[in-house]
Amino acid sequence: MQASRSRLLSLLTEACELEHGLACSYLFAAFSIKQDLDEGGLSWKQLQAVRLWASEIYMVAAEEMLHLAQAWNILAAVGGSPYYLRPNFPQRRSYYGFHLPLALERFGPSALRRFVSYETPADQLILPVDARTDDDEPTEYRSVGELYALIREQILNLPEDQLFFQGTQGEMGPDITHFPNIIPIKDRVSALAAIDMITEQGEGTDYDRGDSHFAVFQRTLASLVTEKERDPAFEPARPVLENPVPRIRGDWNAHGKINLIRDPFASQLGDLFDDVYSLMLRLLQHAFASGPASKVAELFCDTAINAMTTVIKPLGEALAKLSSGRGDGSHAGAAFGLTRHVTLPAAESIALAVAAECAHELAETAAELATSGHAPGQLGVAEANLKQIAGALASAR
Amino acid sequence: MSDDLDRCDVAVVGAGVAGALIAYRLAAANYRVVMLEAGPAGRNRQDLVADYSLAAIKTPRSPYADNQPSSPVWSPDSEKDYIQLGPSPFKSTYLRRVGGSTWHMLGNMPRHVPADFRLATSYGVGVDWPIDYDDLEPWYCEAETELGVAGDHAELNGLHGAYRSRAFPMSKIWPAYGDIFVAKAVEGLTFEGADVRVLTTPQARNSRPYDGRPACAGNSSCVPICPIGAKYDATVHVSKATTAGAVLRTQAVVTRIELDSMTRRVSALRYTRWDEQGRRDERRLRADIYVIAAHSIETPRLLLISSDSDAAPTGVANGSGQVGRNLMDHLQGQMAAVVPQPLFPYRGPPTTVGVDTFRDGTFRASHAAFRLSIGNDGMGRVETPFAALEQKLVEGLIGSRLRVALGDRLIRQFRISYSTEMLPSAHNRVTLADAVSDSFGMPRAQLSLHLEDYNRLAFEKAAALISSIFDRLEIPDSDRKPQPKDTYSGAGHIIGTTRMGTDAGSSVVNQHCRAHEHDNLFIVGASTFPTGGTANPTLTVAALALRAASKISSLLQRGS
């Protein structure tokens, strides 16, 4: 493939989209995992195993978010802009170069097998690739690792002194954003190190795959299958809908089956989830586009990362506990819907004002929903944390 | 390798971290290794966690039913379980089971700093080690890789001169919210002329999946048990050792080290296999090399019990009279508080950062070095969440008022603890209580300890430093709970009792942990430390064990 900046930007953007989609897909599965014996289908001992599986999937999802942030750093360093958009779930098999569908599916053998496929190391791939194509056509690759190999090839074949721009864009580090392993990108060496880190976390290395995403999913799948064989009544996941949506909008239903949440309360909570998720992404995008010199970058990163763990996670879990209202025993779930593609404006004071206002509105909505008798306990946690986040943004204005 | 073997290349007593690492390295090099562990292998981790969950009173021993007093290898759970000769109590405990005390360790893995090896030369107190930091540095790197230590290389490289030649195998455990808050609050603080800096604590706790074990999920119950195995414990290397061909014999209490009366070399280990039905089976194991790795109380106990009127009249390896002497711990205290702002403890491990500023300095001539550990576990031992609940109930709160009040208090609980270095002292020691035997007929250990001014002064300094940090956090005096004067707790760091040195007249083993008097006997573990420094001992134990394994391997190759 011929090297060009536009080709590199295109590949990196695709990597961002893919990392982002994988993180959501993994999170959805983790949200669906039962947390309490009251939910039935598992013994105390099985619950301990299930908790471990959940923590491992959350860990992998967090590393996918790191990969997304890392790809943003590379993008920003080579003349791009942090890209957080992606098509809504589900994506058809042919959408990405690796010919695997992306979907929101509850924890279970089917989802885990898909996850293993995404992260399969290059030397274990069996699907043939027809041909690497030119700039105008979709790129073919067999796994996430192979996509990064293409990016690596581009970086190696472009002149370093022209590829990287002077300035601080692309240099977001762990001091500004709490991704412990994020590498600031200044040159070819740091860019290649970042790609190696991403690939190693996903696939492992030639001599050690034991701790990679690939291995984690394989290990979890094997444990799950063994336990199911031993105890057929074992059911570790909540019966969440596949690809749930709180409402039919825009591009949804274009490429695969979606399932509408019919319970009004769950639907409202689904909307809230999507809105918090969208705000979180917009904050991160603004911070990474501005770079570490920005006065609000640290605040936006802190706020967004806090929101991931203290608001989005409990909201996602709350949704997975609620009835979908479809009368078939199914539960609702988080749609990870991206419906309002409005980035925050570059001007920091305006971005801060808009973000604070949005967080305040969302906190009010959460407070209202939390008063409902339907509200699972996780909603109360999310509501309290969202209020705190809104307060932090407001006090920074 | 057959399990009924009575002859092997290397016999290892104790399946804790030191014994397991040596067994693993030597078995991997194709030597015939047998491990004898007094305690049980126990049940699987989930059963242990279940027992901990069900325990009405949570202590470090709660998960380990087979180490409770009904067991012939019961393990101490508090100072009351020892025969104390005083004048001050010895408070740290240990665990007799496969994996040893690493089961209930916190998991912090700092290195010693260079001056820790040269205390006498640098400050005129204590003794020097026969090795220095440079000798051990490559082995520290090996140990960090074997145990899986997460840490911040750039931040810790060069700490008090402790250079690092290799990065940690994992990036650091990310500081908890409260830790970041406290670090910001102390920015610019100085104490006795030194900058107070909050540094990350290296720990054998996975920050990512590592060595087939998961990343830490923040269960925050590291002491007494990690429910998912994200924290290292020595069962990792026991398993690797047996996979490499080593034989593990559990419930095998070594009752005597036998010596050849002519050569004074160790000729055999006499041991008793026991079971829960009360059956006992006496056996003997012979080897080319013997390794005693039974921790700093059981090791000297066994050496002293094995006295031989001819070959070792005062105990095995005790020609210097130093076996059992120089018993040390890191005497601890803590100050707790209710902070005005919420710090949200218990999200993540019990501690992720500390203050290492006073781990070295010229003050060591007059008072102990100390390290502060910034807690992420509320008030720690001062007021548990259960105690806070009880207090609120006593105050008459119920229902939503109780929930709100408790929620408000628990998210603002905070503690900082300090660990101080003890100097080696001949009268702090393990001896045999000849009149009191265990169920194997072996005299029990009795302990003597003296609290010295060297530590008392450090307690005062550490408390003053914590007070200045509490000032930065704007904590009112009424919300502070200081440590009562001259009181302390144990750190679980049992050190000394078979110290290493170059002089056979004043030490038990040489720089390779080889006994001066019995050239096929190695003694490993924290018992060999001449001084204690302020580092949690496990990483240094592991580094010395790996170094000793290398030495043993070279001896076996030479056939000596």
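Thresholds applied
- Counting restarts for each chain, with residues numbered from 1 along the sequence as it is written.
- Going through the entries in the order they are written, you letter the chains from A and number the ligands from 1.
- The predicted nature of this model means local features are confined to residues of pLDDT at least 70 and side-chain atom pairs, given and counted, to a pLDDT of 80 or more, with totals for whole chains, interfaces and linings taken over all residues.
- Strands are runs of DSSP state E lasting at least two residues, helices are runs of H or I lasting at least four, and both sets are numbered from the N terminus onward.
- What the globule rule says is 2.2 Å times the number of residues to the power 0.38, and the radius of gyration is computed from C-alpha atoms.
- Counting other C-beta atoms within 10 Å of its own, a residue is labelled buried from 20 upward, exposed at 12 or fewer, and partly exposed in the gap between, with every C-beta atom placed from the backbone.
- This entry defines residue contacts through backbone-placed C-beta atoms, with two residues in contact when those atoms are within 7 Å.
- By convention here, the domain bounds are inherited from an automatic or database domain assignment.
- Classification convention: Asp, Glu, Lys, Arg as charged; Ala, Val, Leu, Ile, Met, Phe, Trp, Tyr, Cys, Pro as nonpolar; all other residues, Gly among them, as polar.
- Strands are labelled as partners when DSSP assigns at least two bridges between them.
- Comment: axis = line fitted to C-alpha atoms, over the contacting stretch for helices; angle = value between 0 and 180 degrees taken between N-to-C directions.
- Along the chain, pLDDT gives the predictor's confidence residue by residue, from 0 to 100.
- Take the buried Ala, Val, Leu, Ile, Met, Phe, Trp, Tyr and Cys residues, join any whose C-beta atoms are within 7 Å, and the set you get is a nonpolar core.
- This arc is built from the directions going out from the helix axis to the C-beta atoms.
- To estimate how far a helix should extend, the number of its residues minus one is multiplied by 1.5 Å.
- In these notes the angle categories are as follows: under 35 degrees is roughly parallel, over 145 is roughly antiparallel, 65 to 115 is roughly perpendicular, and the rest is oblique.
- The sense of a crossing depends on the near helix, which, turned anticlockwise from the far helix by less than a right angle, makes the crossing left-handed and, turned clockwise, makes it right-handed.

Participant: Could you give an account of the overall build of chain B, naming the residues involved and the relevant values?
Facilitator: A tally of regular secondary structure across chain B gives twelve helices and 18 strands. Projected onto the principal axes, the alpha-carbon positions of chain B cover approximately 70 × 55 × 45 Å.

Participant: Tell me about the overall build of chain A, and name the residues and values.
Facilitator: If you tally the helices and strands in chain A, you get eleven helices and two strands. Along the chain direction, N to C, the helices and strands of chain A fall in the order α-α-α-α-α-α-α-β-β-α-α-α-α. Taken against the 2.2 N^0.38 rule, which gives 21 Å for 397 residues, the C-alpha radius of gyration of chain A at 21 Å falls within 12% of a compact globule. With the principal axes as the frame, chain A shows a C-alpha extent of 60 × 55 × 35 Å. Residues classed as buried in chain A amount to 51% of the 397 residues present. Of the contacts made within chain A by residues no fewer than 6 positions apart, 74% connect residues no fewer than 24 positions apart.

Participant: Outline the domain arrangement of chain A, listing residues and values.
Facilitator: Residue and element names in this part refer to chain A. Partitioning chain A into structural domains gives domain 1 (1-238) and domain 2 (242-397). Here the C-alpha centre of domain 2 lies 22 Å away from the C-alpha centre of domain 1. Across the boundary between the two partners, domain 1 contributes 32 residues, which contact 30 residues of domain 2. Counting only elements with at least two residues in the side of domain 1 that touches domain 2, the list comes to helix 1 (5-31) and helix 2 (44-77). Looking at the side of domain 1 that touches domain 2 residue by residue, the class counts come to 17 nonpolar, ten polar and five charged.

Participant: Quick rundown of the sheet that holds strand 11 (residues 330-338) of chain B? Include the residues and the values.
Facilitator: Residues and elements named next belong to chain B. Taken in spatial order, the six strands of this open sheet run 6-12-13-14-11-17, and their pairing is antiparallel. Looking along the sheet, the strands with just one partner apiece sit at the ends: strand 6 (198-200) and strand 17 (480-481). Its contacts with the sheet place helix 6 (residues 177-185) against strand 6, strand 12 (351-355), strand 13 (370-375) and strand 14 (413-421), and it is angled at close to 20° to strand 12. The sheet strands contacting helix 11 (residues 453-472) are strand 11, strand 13, strand 14 and strand 17, and the helix crosses strand 14 at an angle near 150°.

Participant: With reference to specific residues and values, describe the confidence of the model for chain B.
Facilitator: With 99% of its residues at a pLDDT of 70 or more, chain B shows a mean pLDDT of 95. The ipTM, which scores confidence in the relative placement of chains, is 0.76 for this predicted complex, and the corresponding pTM is 0.88.

Participant: Tell me what's going on with the pairing of strand 10 (residues 280-292) of chain B, and back it up with residues and numbers.
Facilitator: Sheet faces and side chains relate simply in a regular strand, where the side chains alternate between the two faces. All names here are of chain B. As judged from the six bridges shared by strand 1 (residues 7-13) and strand 10, these two strands associate in the parallel manner. Among the inter-strand pairings, Val12 is bridged to a residue of strand 10, identified as Val291. Alignment of strand 9 (residues 266-274) against strand 10, held across six bridges, turns out to be antiparallel. Note on strand 10: the bridge partner recorded for Arg270 is Arg284. Connecting strand 9 to the antiparallel partner strand 10 that follows it, the hairpin turn spans five residues, and Gly278 within it adopts a positive phi of roughly 90°. Bridge analysis of strand 10 against strand 18 (residues 521-523) gives three bridges, and the strand direction is parallel. In the sheet register, Val291 faces strand 18, and the bridge partner there is Phe522.

Participant: Can you tell me about the nonpolar core, naming the residues and giving the values?
Facilitator: In this structure, A:Val276, B:Ala11, B:Ile22, B:Val33 and B:Val291 are the most contacted members of the largest nonpolar core, which totals 252 residues. Here the element with the most residues in this core is helix 2 of chain A; it accounts for 20 residues. Those residues in contact with B:Val33 that sit more than four places away from it in its chain are B:Cys8, B:Asp9, B:Val10, B:Val12, B:Ala23, B:Leu26, B:Ala27, B:Ala241 and B:Ala246. B:Met335, B:Leu343, B:Phe370 and B:Phe470 belong to the second largest nonpolar core, which has 31 residues in total.

Participant: Could you give an account of helix 6 of chain B, naming the residues involved and the relevant values?
Facilitator: Residues and elements named next belong to chain B. If you check which residues of helix 6 are buried, you get Gly178, Asp179 and Val182. With its buried residues spanning 100° around the axis, helix 6 presents them on a single face. The elements touched by buried residues of helix 6 are strand 6, strand 12, strand 13 and strand 14.

Participant: Before we move on, could you go through helix 6 (residues 188-203) of chain A and cite the residues and values that matter?
Facilitator: All names here are of chain A. Taking 1.5 Å as the rise per residue, helix 6 with 16 residues should run 22 Å; its terminal C-alpha atoms sit 22 Å apart, in good agreement. Of the residues making up helix 6, those classed as buried are Ala191, Ala194, Ile195, Ile198, Thr199, Gln201, Gly202 and Glu203. Contacts from the buried residues of helix 6 go to helix 2, helix 4 (144-157) and helix 7 (213-230).

Participant: If you had to explain the environment of A:Ser294 to someone new, which residues and values would you point to?
Facilitator: All names here are of chain A. For Ser294, the location among the structural elements is in the loop between helix 8 (264-290) and helix 9 (297-321). Counting along the chain gives 126 residues from Ser294 to Thr168, while the straight-line C-alpha distance between them is 9.7 Å. In contact with Ser294, other than residues within four places in its own chain, are Ala287 and Glu348.

Participant: Let's hear about the environment of B:Ser53: which residues, and what values?
Facilitator: Residue and element names in this part refer to chain B. If you trace the backbone, Ser53 turns up in helix 2 (residues 45-54). For Ser53, a count of 14 C-beta atoms within 10 Å gives the class partly exposed. As for Ser53 and Arg359, which are separated by 306 residues in sequence, their C-alpha atoms are 37 Å apart.

Participant: Can you lay out the packing of helix 2 of chain A against helix 7 of chain A for me, pointing to particular residues and giving the numbers?
Facilitator: Residues and elements named next belong to chain A. One way to put it is that helix 2 packs onto helix 7 with a least axis distance of 10 Å and a crossing angle of 160°. As far as their axial angle goes, helix 7 and helix 2 are roughly antiparallel. The way helix 2 lies across helix 7 gives a crossing that is left-handed. Contact residues: Gln46, Ala49, Trp53, Glu56 and Val60 in helix 2; His213, Val216, Thr220, Ser223 and Glu227 in helix 7. Counted by class, the contact of helix 2 with helix 7 contains four nonpolar, four polar and two charged residues.

Participant: A description of the pairing of strand 12 of chain B should follow, citing residues and the corresponding values.
Facilitator: Residue and element names in this part refer to chain B. Summarising burial for strand 12: five of the five residues are buried, a large majority. In this structure, strand 6 lies alongside strand 12, joined through three bridges in antiparallel fashion. Bridge assignment links Thr200 to a residue of strand 12, and that residue is Val353. Note: strand 12 against strand 13, four bridges, orientation antiparallel. Looking at strand 13, one finds that Gly354 is bridged to Ser373.

Participant: Please provide a residue-by-residue account of the environment of A:Tyr83, values included.
Facilitator: All names here are of chain A. Here Tyr83 is to be found in the loop between helix 2 and helix 3 (109-118). When the C-alpha positions of Tyr83 and Ala69 are compared, they lie 9.6 Å apart, and in sequence the two are 14 residues distant. Excluding residues that lie within four positions of it along the chain, Tyr83 makes contacts with Thr13, Cys16 and Leu75.

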